[in-house]
Amino acid sequence: MMQNVHLAPETDEDDLYSGYNDYNPTYDTEELENDTAFQEAVRTSHGRRPPITAKIPSTAVTRPVATGYGSKTSLASSMGRPMTGAIQDGVTRPMTAVRAAGFTKAAVRGSAFDPLGQSRGPAPPLEAKNEDSPEEKIRQLEKKVNELVEESCIANSCGDLKLALEKAKDAGRKERILVRQREQVTTPENINLDLTYSVLFNLASQYSANEMYAEALNTYQVIVKNKMFSNAGRLKVNMGNIYLKQRNYSKAIKFYRMALDQIPSVHKEMRIKIMQNIGVTFIKTDRDKMKKAFQKLIAVPLEIDEDDKYISPSDDPHTNLVIEAIKNDHLRQMERERKAMAEKYIMTAAKLIAPVIETSFAVGYDWCVEVVKASQYVELANDLEINKAITYLRQKDFNQAVETLKMFEKKDSRVKSAAATNLSFLYYLENEFAQASSYADLAVNSDRYNPSALTNKGNTVFANGDYEKAAEFYKEALRNDSSCTEALYNIGLTYKRLNRLDEALDCFLKLHAILRNSAQVLYQIANVYELMEDPNQAIEWLMQLISVVPTDSRALSKLGELYDSEGDKSQAFQYYYESYRYFPSNIEVIEWLGAYYIDTQFCEKAIQYFERASLIQPSQVKWQLMVASCFRRSGNYQKALDTYKDIHRKFPENVECLRFLVRLCTDIGLKEVQEYATKLKRLEKMKEIREQRVRSGRDGGGGSRSRREGSAGSDASYVDPLGPQIERPKTAARKRIDEDDFADEELGDDLLPE
């Protein structure tokens, strides 16, 4: 027991190294055999429990562990891992498992701490490259091949296809040399397949870009047939594209389908694109089928007699009698019907396939014309050319249409008349009335019974203001063809210009019976009733018009104008507001709506309309003055003052703006009133001097100033020689806003420019 008793030191100083040689007797395993408590625990069931297995297999074995007191007995941790700081097999284990701390497995007790490895001395010098070695030559050659492939791709992106192909070929030659050298040095398994694939793929792509399709297909075949290249089957899409360019549609579809079979379903986008290519190829296949079907249609025999059969070869009265008898018999009528039906089918088929069988409709029409010229229907070729010109018109390519039609000036009379009619129409649209009249005369002289030619001639006369003569041409067109709606429409306009309103109404009512839902005809009937001062009938027909075209802003504004003239402000507001919704840039409608809100004492709502008007016409000071006046009338004097100041900055010489600034500043009590009053006096004096000069000039001249008559009340007409004549509706009448609308007892009247 005395061995565990420690005596106090004689001095007061602490011993820094005391206690390091002491140890706990609990860890003295040499005396465990004599420890009765331990031996009893071993004999009990607690002592017979199985040993604890370590969670880390590599450290499951108990290793000798040194205690802090120098014990030599091994003691495992609870996890089977040696305790930190132990000595194992003569090797000191570090306090942590970080090798960078300078500890190694080979470290022994007493070894120097050298984390940077300075004791090993300087690093040995780098070995010099041996450029003559086979490995280095292969490496340099591989680098050169990669550079050539990159240069080829760059040249292709810059548009230099020839240089791109040369670089690709050079890369292919060097790659083959590289493969042979690599086979001599290493085994075939070490060949760079990725490099070979990229070289061949780039070469095939450059062949295809240079339209060397045979070489491109051969190169793609080399890649596809090589089983060592993974996913090479996708290149069959490229092969299909080449066959598509060669118009070998069957092979293109075959390769597209082969590629589709080799692409897994997870690549949905790629599969969709390939299926799209298959669909396009089928469409192109249909183009060839359409051409073949058209050629078969042309080759169908009519089995009818020629027209020469019905011309008498002699003066034999018996023969002439027989020919006259069979000229119009049932068999001859059947022949005419069969020929007309055949021509109709051929023309319809040509119109349908021409825009789709080639890259453009013009090339398609040219192909159809050539096929027709080589058949028994030669006379249909001219009709196809005219249809080609009309197609140019639909696409608004007037120059090409004129070029096409001018080729028929020296053809036979029927074709010449049709071409001249369309040329007259084109020049009329371009307001070249002299050229239009010239071609209209040519069309009439070539075929006097052509109603379209007579209508066009009437249009040129109408444009020159000779309405009586224009009516004669329209009447002649109707005599030749009573169903010519263009002539009937135009003669109604002519009667309206001549103020023969009953006859004009009769024409438009007849036309309405033929064209029940024609918006132009409905408007003309309503307009004639308005001119006849029958607003109720005009409103009724305009209601029918907006049932056909409910979004026509001018028709709605016209209804608003008629209701306003009848004194029905609420209905007028409804239709003016609807017109504004569909077309918010009509200045007359905006002005009416603004004035309506002022009349009903809702000046705040009028502001938005006058602000929009000022945006549409920023140079018109009137709208900005209206905005400022609305602010003033609604009691927002500060906003009104700011608006007047802004107007004065933009229009410093506007007298009305300065007058209101003086009045507002006076009422509010601002010091700026004197400045604005001085400017106002100066401007008024300048205005007075200007007016005196004008009066003196009039007195000195002694002549009366001629007054030009405006055409605001006349109708702006547009005569369409090949379609119903469209006369634009008159604009809604402006509601004049003058000083009476802005009478203000406190601040005076708004003075606005006329």
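Just so you know, these numbers come straight off a predicted model, no measurement behind them. (Residues numbered from 1 in each chain as written. Predicted model: local features only at pLDDT ≥ 70, side-chain atom pairs only at ≥ 80, totals over all residues. Heavy atoms only, no water.)

(A) Up close: the overall build of the chain. Across its full length, the chain carries 29 helices and four strands. Taken over 754 residues, the chain has a buried fraction of 36%. Partitioning the contacts of the chain with sequence separation of at least 6, the portion at a separation of at least 24 is 51%. (Helix = DSSP H or I, 4+ residues; strand = E, 2+ residues; numbered from the N terminus. Buried < 20%, exposed > 50% of the residue type's maximum accessible area, 1.4 Å probe, protein only. Contact = heavy atoms within 4.5 Å.)

(B) Structural view of unusual backbone geometry. Positive phi, normally seen in glycine, also occurs at glutamate 211, with a value near 60 degrees. Tracing the backbone through its elements, the reader meets glutamate 211 in the loop between helix 4 (193-209) and helix 5 (213-225). Owing to a relative accessible area of 59%, glutamate 211 belongs among the exposed residues under this scheme.

(C) Structural detail: the confidence of the model for the chain. Summary statistics for the chain give a mean pLDDT of 78 and a share of 74% for residues scoring 70 or more. Per-element confidence in the chain is highest for helix 20 (residues 519-531), whose mean pLDDT is 95, and lowest for strand 3 (residues 717-718), whose mean pLDDT is 30. Overall, residues 1-13 carries pLDDT values under 50, and its contacts beyond four positions in sequence, including any with other chains, amount to one contact. Within the model, the stretch residues 53-83 combines pLDDT values under 50 with 38 contacts to residues more than four positions away or in other chains. (pLDDT = per-residue confidence, 0-100.)

(D) Representation of the packing of helix 8 (residues 268-298) against helix 11 (residues 361-373) within the structure. Packing of helix 8 against helix 11 brings their axes to within 10 Å, and their N-to-C directions diverge by 30 degrees. What the angle tells us is that helix 8 and helix 11 run roughly parallel. The handedness of the crossing between helix 8 and helix 11 comes out as right-handed. Taking contact as the criterion, the partners of Lys291, Phe294, Gln295 and Ile298 in helix 8 are, on helix 11, Trp367, Cys368, Val371 and Val372. Partitioning the contact of helix 8 with helix 11 into residue classes produces six nonpolar, one polar and one charged. (Axes fitted to C-alpha atoms, helices over the stretch in contact; angles between N-to-C directions. Parallel < 35°, antiparallel > 145°, perpendicular 65-115°, else oblique. Left-handed = near helix turned anticlockwise from the far one by under 90°. Nonpolar A, V, L, I, M, F, W, Y, C, P; charged D, E, K, R; others polar.)

(E) Geometry of the pattern of salt bridges. The full count for this structure, using the stated rule, is 23 salt bridges. One salt bridge in this structure joins glutamate 684 and arginine 659, with 3.5 Å as the shortest N-O distance. Linking glutamate 684 in helix 29 (residues 673-701) with arginine 659 in helix 28 (residues 655-668), this pair joins segments that are 25 residues apart in sequence. Using a relative accessible area of 33% as the deciding quantity, one classes glutamate 684 as partly exposed. Its relative accessible area of 23% is what places arginine 659 among the partly exposed residues. The network of salt bridges with shared partners includes Asp170, Arg173 and Lys174. (Salt bridge = Lys/Arg side-chain N within 4 Å of Asp/Glu carboxyl O.)

(F) Summary view of helix 6 (residues 236-245). Within helix 6, seven of the 10 residues are buried, which leaves it mostly tucked inside the rest of the structure. Among the residues of helix 6, Lys236, Val237, Met239, Gly240, Ile242, Tyr243 and Leu244 are the ones counted as buried. The elements touched by buried residues of helix 6 are helix 4, helix 5, helix 7 (249-262) and helix 8. Of the residues one or two after helix 6, arginine 247 is the one with positive phi, at around 60 degrees.

(G) Layout of the packing of helix 6 against helix 8. Between helix 6 and helix 8, the shortest axis-to-axis distance is 12 Å and the interhelical angle comes to 15 degrees. Judged by the angle between their axes, helix 6 and helix 8 are roughly parallel. Seen along the crossing, helix 6 lies across helix 8 with a hand that is left-handed. On helix 8, the residues touching Val237, Asn241 and Leu244 of helix 6 are Ile274, Asn277, Thr281 and Lys284. When the residues that make up the contact of helix 6 with helix 8 are grouped by side-chain class, the tally is three nonpolar, three polar and one charged.

(H) Representation of the side chain of threonine 460 within the structure. The topology assignment puts threonine 460 in helix 16 (residues 451-463). Ignoring any residue separated from it by four or fewer positions in sequence, one finds threonine 460 in contact with Tyr428, Phe433, Ala436 and Ser437.

(I) Examining the side chain of threonine 219 more closely. Position of threonine 219 relative to the elements: it lies in helix 5. Excluding residues within four positions of it along the chain, threonine 219 makes contact with Leu200, Leu203, Ala204 and Tyr207.

(J) Representation of the UniProt feature "repeat: TPR" (unreviewed entry) in the chain in the model. Those places that UniProt annotates as "repeat: TPR" (unreviewed entry) correspond, in this numbering, to residues 233-266, 451-484, 485-518, 519-552, 553-586 and 587-620. Secondary structure across residues 519-552 divides into 79% helix and 0% strand, with the first and last C-alpha atoms of the span separated by 10 Å. Helix makes up 79% of residues 553-586 and strand 0%, with an end-to-end C-alpha separation of 9 Å. (UniProt positions renumbered as here; feature names shortened; annotations may be inferred.)

(K) Spatial organisation of the environment of valine 662. Assignment of secondary structure puts valine 662 in helix 28. Residue classification places valine 662 among the buried residues on the basis of a relative accessible area of 16%. Put simply, valine 662 and valine 673 are 11 residues apart on the chain and 5.4 Å apart in space, counted from C-alpha to C-alpha. When residues no more than four places from it in sequence are discounted, the contact partners of valine 662 are Val673, Tyr676, Ala677 and Leu680.

(L) Inspection of the packing of aromatic side chains at higher detail. Taken as a whole and assessed by the stated rule, the structure comprises 22 aromatic pairs. Ring geometry for phenylalanine 361 and tyrosine 392: centres 4.9 Å apart, planes at 70 degrees, overall edge-to-face. Here phenylalanine 361 is found in helix 11, whereas its partner tyrosine 392 is found in helix 12 (residues 380-394), with 31 residues between them in sequence. Pair check on accessibility: phenylalanine 361 and tyrosine 392 agree, each one buried. Their ring planes at 10 degrees and their centres at 5.4 Å tell us that tryptophan 592 and tyrosine 596 sit as a pair that is stacked. Of this pair, tryptophan 592 and tyrosine 596 are both found in helix 24 (residues 587-599), four residues apart, which corresponds to roughly one turn of the helix. Tyrosine 596 sits in the buried class, given a relative accessible area of 18%. Taken together, the ring pairs connect Phe573, Tyr576, Tyr577, Tyr580, Trp592, Tyr596, Tyr597 and Tyr609 into an aromatic cluster. Taking NZ or CZ as reference, arginine 581 lies 5.1 Å from the ring centre of tyrosine 582, over its face. Its guanidinium or amino end placed over the ring of phenylalanine 602, lysine 605 lies 5.3 Å from that ring's centre, counting from NZ or CZ. (Phe/Tyr/Trp six-rings, centres within 6.5 Å; stacked < 30°, edge-to-face > 60°. Lys NZ or Arg CZ within 6 Å of the ring centre and 35° of its normal.)

(M) Spatial organisation of empty space enclosed by the protein. Under the defined criterion, the tally for this structure stands at one cavity of 30 Å³ or more. Its volume calculated, the largest cavity comes out at about 40 Å³. Lining the largest cavity, in full, are Glu175, Leu178, Val179, Arg182, Ile191, Asn192, Leu195 and Thr196. Secondary structure elements with two or more residues in the lining of the largest cavity: helix 3 (161-185) and helix 4. With four residues, the top contributor of residues to the lining of the largest cavity is helix 3. (1 Å grid on protein atoms, 1.4 Å probe; cavity = no way out; pocket = protein on both sides within 12 Å on 5 of 7 lines; lining within 4 Å. Points joined across faces, edges and corners; volume = space filled by probe spheres on them.)

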